[in-house]
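Residues per chain, in single letters:
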Amino acid sequence: MEGSGVLNLGQTYQTMDGFGTSEAFQRAVTMQKLPETEQRKFLDLLFSMDKGAGMSILRNGLGSSPDMSDDHMVSIQPKNPGGPNAEPKYVWDGKDNGQLWVTKEAAAYGVRTFYANAWSAPGYMKTNGNDANGGSLCGVSGATCSSGDWRQAFANYLVQYVKYYAAENITITHLGFLNEPELTTSYASMRSSGTQAADFIKVLRPTLDKNNLADLKITCCDAEGWSDMNGMLGQMRAVESMVGVVTGHSYTSQPTSPLSTKLKTWQTEAADNNGAWTSSWSGGGGAGEGMTLANNIYTAIVSANVSAYLYWIGGQDRSSNTNSKLIRVVNKAVEPSKRLWAMANWSRFVRPGAVRVGASGGGVRTSAFLNLDNTVAVQVINSGSERSITINISGGNFTAASAAAWVTDNTRDCSQITASVDTTGKVSGSVPSKSMVTFVLRPASLAADVQTETPLNSPLGQR
C-alpha cells in the first residue's frame, strides 16, 4: 500500500519543551544500588541519544515526609521549627532521596529541564498535621489552623530546595507545589481547589522574584485528570500571569483537547499502573503496550497541543509487576519495555524548542516538527499493513537534501532503516505494519551530517 503525506512548514502550532520521566519516591535510590554496569545501562536507556530514549526533562519529587521509611521522600525540614514565623531548621543530606545523583547524571547527558514537584507541604504546615492523607495548606481560603498561616513558610521552603540544587550546580527550571490535589491518599498528598492554589501562588511568585528566581516557572496543578485541570483553571484566572506552565495527568481523563489557557501545557504523568508488566509493542491494544503509548502521545501533542509529555517512573528495582515504569529490574539486570522505545521515537528527534508544523495525508497518524537546528522530524504511526510513504514539503524555503529513519515495532527498538530523497526534495520510505517510524529530514546545509545512529540535534555534553 502507498500513501502521500504533506508537511506545511508555514502552519505552526506549539513549541515543544521535551519528554521525560521521574525517579521520585526513592526509585532513584533503588537504581543507584545496582551494579555499575547496570546503573550505566539504566541511565543510557533514559537519557542517551543513541542508546536510549534521549529524555530531555526530569521530574523530581520535592519531599515532605519526616523520614525515609518505605518509599517516603524525606523533607528538607523534617521537624516543625516552632511555627510559621520561627527561624527555619532546614537539613540537606546531599542526596535528596537519590534524586540528586540521577539529576547530575541527566545533566551530564545534556538534560537542561528539571521540574521539582512537591506532592505535599510538610505535615505541620497542613490542616491535618500529616503530609499524607490529604489536608490543606494552612492559610489558604477555607483552611485555618491554630498554628497560623504557613503560606510564606512553605514558599520559603520551596525556595530553599531550589537553592540547595543551585549549590550543586543544577538549575531547577520549573517548580510545582501540588500533585493530584483532588485526591486524599495514604502517601504524600495535599488537597487544593483552584482558588486555594491561587491563594498560594500569590505568595510564591513574589517570593521567587525576591530571591532572584524570576526565571523559575511555577507549574500548576498536576491534576489527576486532564479535564479536572480545566475545572481548576476557571478559579485561577487572577493569577494566570504568575504561572509558567499548566500541568495535568492522564489517569481519570486523557489529554484529547487543549486546556482553556493561553499558557503552555504539559502532560506530566501517564502510566498503566494496573496492567501486568508487558514488554510488547503491539499485541492487542493493551494499555501497557508501546504502540498504545505512542498513540497516546500523538493525541496529547496533536489534539491537546501539549508541549511536554512525561511518563510516571523511568526505572525501579522494587517489587511491582505493573507497567508503572518504563524499565524494570530482574535479578539486578535492567530490562526496558517497548514503552521506553515509544518515548524514544519522540524524544530523540523532537528536541526542546522544536515547533510543531502542519502534517496531513498518507492514511496514517502523522506529526511533524521543525527543530532549532533546522532539521524536520516526522513521526508516522501505522496501525495497518506495511505502507510505502512519500513526504512532500510546502509552506517554507525548506528542501530536504537527505533523510534518515528509525523504526520501533515488535522486533526493533528505534532502529535505523532506509529513507531516500529524490531530486525534488520528496522523501520516501517504508512504514512496516503496526510500527512507528520517525523520519529526520535535513536541508542541503546539513546533508553532509547524516548520522548512522544518532540524530544531528544531539544535546551538547552528550555522553
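Examining the overall build of the protein chain
So, point 1. Across its full length, the protein chain carries eight helices and 22 strands.
So, point 2. What you see for the protein chain is a C-alpha radius of gyration of 22 Å, in line with the 23 Å of a compact globule of 463 residues.
So, point 3. Considered along the principal axes of its C-alpha atoms, the protein chain spans approximately 75 × 50 × 40 Å.
So, point 4. Contacts in the protein chain between residues at least 24 apart in sequence constitute 72% of all its contacts with a sequence separation of at least 6.
So, point 5. Side chains of the protein chain give 38 positive and 38 negative charges; the mean places of these two sets differ by 2 Å.

What about the pairing of strand β22 (residues 435-443)?
So, point 1. Burial analysis of β22 places nine of its nine residues in the buried class, the great majority of the element.
So, point 2. Neither face of β22 is exposed, since Ser435, Val437, Phe439, Leu441 and Pro443 on one face and Met436, Thr438, Val440 and Arg442 on the opposite face are all buried.
So, point 3. Examined bridge by bridge, strand β16 (residues 376-382) and β22 share seven bridges and lie antiparallel to one another. In the strand pairing of β22, Val378 is matched with Phe439.

Observations concerning the packing of helix α2 (residues 36-47) against helix α3 (residues 99-109)
So, point 1. Their axes nearest at 10 Å, the elements α2 and α3 cross at an angle of 60 degrees. With respect to their mutual orientation, α2 and α3 come out oblique. Note that α2 runs across α3; the crossing there is right-handed. In contact with Gln39, Arg40, Phe42, Leu43, Asp44 and Phe47 of α2, α3 contributes Trp101, Val102, Glu105, Ala106 and Tyr109.
So, point 2. Along the lines of polarity and charge, the residues of the contact of α2 with α3 split into seven nonpolar, one polar and three charged.

Focus on the confidence of the model for the protein chain
So, point 1. Looking at the protein chain as a whole, the pLDDT averages 95, with 96% of positions reaching at least 70.
So, point 2. Within the protein chain, strand β1 (residues 2-15) has the poorest average pLDDT of any element, 91, and strand β5 (residues 174-176) the best, 99.
So, point 3. Contacts from residues 450-454, a stretch scored under 50 in pLDDT, to residues over four places away or in other chains number 12 contacts.
So, point 4. Across residues 456-462 the pLDDT falls below 50, and counting only partners more than four positions away or on other chains, this stretch makes 28 contacts in the model.

A look at the pattern of salt bridges
So, point 1. In total, this model carries 15 salt bridges according to the counting rule given.
So, point 2. Asp70 serves as the salt-bridge partner of Arg318, at 3.6 Å between the closest nitrogen and oxygen. Taken together, the residues span a long stretch of sequence, with Arg318 in the loop between β10 (308-316) and β11 (322-323) and Asp70 in the loop between β3 (57-62) and α3 at a distance of 248 residues.
So, point 3. Taking the relative accessible area as the measure of exposure, Asp70 reaches 58% and is therefore exposed.
So, point 4. A salt bridge links Arg412 to Asp409, with the nearest nitrogen and oxygen atoms 2.7 Å apart.
So, point 5. It is possible to trace a salt-bridge network through shared partners that takes in Arg59, Asp222 and Glu269.

Comments concerning the nonpolar core
One broad rule of soluble globular proteins: the nonpolar side chains tend to lie buried together.
So, point 1. Among the nonpolar cores identified, the biggest contains 106 residues, and Phe47, Phe154, Leu158, Phe177 and Trp346 are the most heavily contacted of them.
So, point 2. Ranked by residue count, the leading element in this core is helix α4 (residues 151-167), at 10 residues.
So, point 3. Among all residues touching Leu158, those that are not within four sequence positions of it are Leu62, Ala118, Leu175, Phe177, Phe200 and Leu204.
So, point 4. Core analysis: the next-biggest nonpolar cluster, separate from the first, contains 22 residues, Leu7, Val380, Ile389 and Val437 among them.

Focus on the state of the cysteines
So, point 1. Scanning the model with the defined rule gives two disulfides in all.
So, point 2. Disulfide pairing places Cys138 opposite Cys145 at an S-S distance of 2.0 Å. Judged by the sign of its S-S torsion, about -85 degrees, the cystine formed by Cys138 and Cys145 is left-handed.
So, point 3. Overall, Cys138 belongs to the buried group, its relative accessible area being 0%.
So, point 4. Sequence-ordered numbering of the disulfide-bonded cysteines in the protein chain gives the connectivity 1-2, 3-4.

With respect to the pairing of strand β13 (residues 333-336)
So, point 1. The pairing of strand β12 (residues 325-330) with β13 spans four bridges and is antiparallel. Residue pairing in the sheet places Arg328 in a bridge with Glu335 of β13.
So, point 2. Here β12 hands over to β13 after two residues, with Asn331 in that stretch at a positive phi of 55 degrees.

Observations regarding the side chain of Thr113
So, point 1. Looking at the secondary structure, you find Thr113 in strand β4 (residues 113-118).
So, point 2. Those residues in contact with Thr113, other than ones at most four positions away along the chain, are Ser56, Ile57, Leu58, Thr173, His174 and Trp266.

Here's the deal with the sheet that holds strand β14 (residues 355-361)
So, point 1. In space, the 10 strands of this open sheet follow the order β19-β18-β22-β16-β15-β14-β1-β17-β21-β20, with mixed pairing throughout. The sheet is open, and its two borders are formed by β19 (415-417) and β20 (419-421), each paired with just one other strand. Direction aside, neighbouring strands of the sheet carry axes that sit 30 degrees apart on average.
So, point 2. Alignment of β1 against strand β17 (residues 387-394), held across seven bridges, turns out to be parallel. Its bridge partner being in β17, Leu7 is matched across the sheet by Ile393.
So, point 3. Along the sheet, helix α7 (residues 290-302) makes contact with β1, β14, β15 (365-370), β16 and β22, crossing β15 at roughly 60 degrees.

With respect to the packing of aromatic side chains
So, point 1. Using the criterion set out here, one finds 18 aromatic pairs in the structure.
So, point 2. For the pair Phe25 and Trp312, a centre-to-centre distance of 6.3 Å together with 70 degrees between the ring planes defines the contact as edge-to-face. One end of the pair, Phe25, is in the loop between β2 (18-22) and α1 (27-32); the other, Trp312, is in strand β10, and 287 residues separate them in sequence.
So, point 3. Through a chain of ring-to-ring contacts, three or more aromatic side chains come together here, namely Tyr90, Phe154, Tyr157, Phe177 and Phe200.
So, point 4. The ring of Trp277 is capped by Arg339, whose NZ or CZ atom sits 4.9 Å from the centre of that ring.
So, point 5. Positioned above the aromatic ring of Tyr13 is the side chain of Arg356, whose terminal nitrogen or guanidinium carbon lies 4.0 Å from the ring centre.

Structural notes on the environment of Asp17
So, point 1. In this structure, Asp17 sits in the loop between β1 and β2.
So, point 2. When the C-alpha positions of Asp17 and Val350 are compared, they lie 9.1 Å apart, and in sequence the two are 333 residues distant.
So, point 3. In this structure, Asp17 is in contact with Ser56, Ile57, Lys264, Trp266, Ser307, Ala308 and Pro352, ignoring residues within four places of it in sequence.
So, point 4. Within the structure, Asp17 has its side chain in polar contact with the side chain of Trp266 (distance 2.9 Å).

Quick notes on the rules
- Residues numbered from 1 in each chain as written.
- Predicted model: local features only at pLDDT ≥ 70, side-chain atom pairs only at ≥ 80, totals over all residues.
- Heavy atoms only, no water.
- Helix = DSSP H or I, 4+ residues; strand = E, 2+ residues; numbered from the N terminus.
- Rg over C-alpha atoms; globule rule 2.2 N^0.38 Å.
- Contact = heavy atoms within 4.5 Å.
- Lys, Arg positive; Asp, Glu negative; His and termini not counted.
- Charge placed at Lys NZ, Arg CZ, Asp CG, Glu CD.
- Buried < 20%, exposed > 50% of the residue type's maximum accessible area, 1.4 Å probe, protein only.
- Pairing = 2+ DSSP bridges.
- Axes fitted to C-alpha atoms, helices over the stretch in contact; angles between N-to-C directions.
- Parallel < 35°, antiparallel > 145°, perpendicular 65-115°, else oblique.
- Left-handed = near helix turned anticlockwise from the far one by under 90°.
- Nonpolar A, V, L, I, M, F, W, Y, C, P; charged D, E, K, R; others polar.
- pLDDT = per-residue confidence, 0-100.
- Salt bridge = Lys/Arg side-chain N within 4 Å of Asp/Glu carboxyl O.
- Core = buried A, V, L, I, M, F, W, Y, C linked by side-chain atoms within 4.5 Å.
- Disulfide = S-S within 2.5 Å.
- Phe/Tyr/Trp six-rings, centres within 6.5 Å; stacked < 30°, edge-to-face > 60°.
- Lys NZ or Arg CZ within 6 Å of the ring centre and 35° of its normal.
- Polar contact = N/O pair within 3.5 Å; in protein donor to acceptor, adjacent residues only side chain to side chain.

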